[in-house]
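Overview (structure and organization)
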Amino acid sequence: MANHPSAAKRARVAKRRAARNAAWKKRMRTAMKKVRAAKDKVRAEQELRRTVKLLDKLAAKMIIHKNNAANHKSRLTRLVNAMK
């Protein structure tokens, strides 16, 4: 337990931010699953656009690293492009 008031506040803030980041990451994983689960290419492209926007937003907020976002976007784009 924190002994100093500022350390106690930092612990509270860290807890709030961790919860917020976890929620964002859950949204990211769900969006990526929607792209992979899409049956036809048109639907997959729509989901990909939404997912790319979300990944860019997370990278900008520094919730995930920009290279992590780039890797996910690349893999998902290759998957959608390979669809018939």
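Just above, that's the structure.
Summary of the structure given here. From a predicted model like this one, the values you see are computed outputs, not experimental measurements.

Rules used throughout
Residues numbered from 1 in each chain as written. Predicted model: local features only at pLDDT ≥ 70, side-chain atom pairs only at ≥ 80, totals over all residues. Heavy atoms only, no water. Helix = DSSP H or I, 4+ residues; strand = E, 2+ residues; numbered from the N terminus. Expected span 1.5 Å × (residues − 1). Buried < 20%, exposed > 50% of the residue type's maximum accessible area, 1.4 Å probe, protein only. Arc of directions from axis to C-beta. Contact = heavy atoms within 4.5 Å. Axes fitted to C-alpha atoms, helices over the stretch in contact; angles between N-to-C directions. Parallel < 35°, antiparallel > 145°, perpendicular 65-115°, else oblique. Left-handed = near helix turned anticlockwise from the far one by under 90°. Nonpolar A, V, L, I, M, F, W, Y, C, P; charged D, E, K, R; others polar.

Topic: helix α3 (residues 66-82)
Taking 1.5 Å of rise per residue, 17 residues should cover 24 Å, and α3 covers 24 Å from first to last C-alpha, within 8% of that figure. For α3, the full list of buried residues reads A69, H72, L76 and V80. Down the axis of α3, the buried side of the element spans an arc of 70 degrees, and every buried residue falls inside it. Of the exposed residues in α3, the ones pointing more than 90 degrees away from its buried face are R78, N81 and A82. Buried positions along α3 lie against α1 (5-37) and α2 (41-60).

Things to note about the packing of α1 against α2
The N-to-C vectors of α1 and α2 enclose an angle of 155 degrees; their axes lie 9 Å apart at closest approach. Here α1 lies roughly antiparallel to α2, going by the angle between them. Along this stretch, α1 crosses α2, giving a crossing that reads as left-handed. Contacts between α1 and α2 involve W24, R27, M28, A31, M32, K34 and V35 from the former and A44, E47, L48, T51, L54, L55, K57 and L58 from the latter. Residues of the contact of α1 with α2, tallied by class, amount to 10 nonpolar, one polar and four charged.

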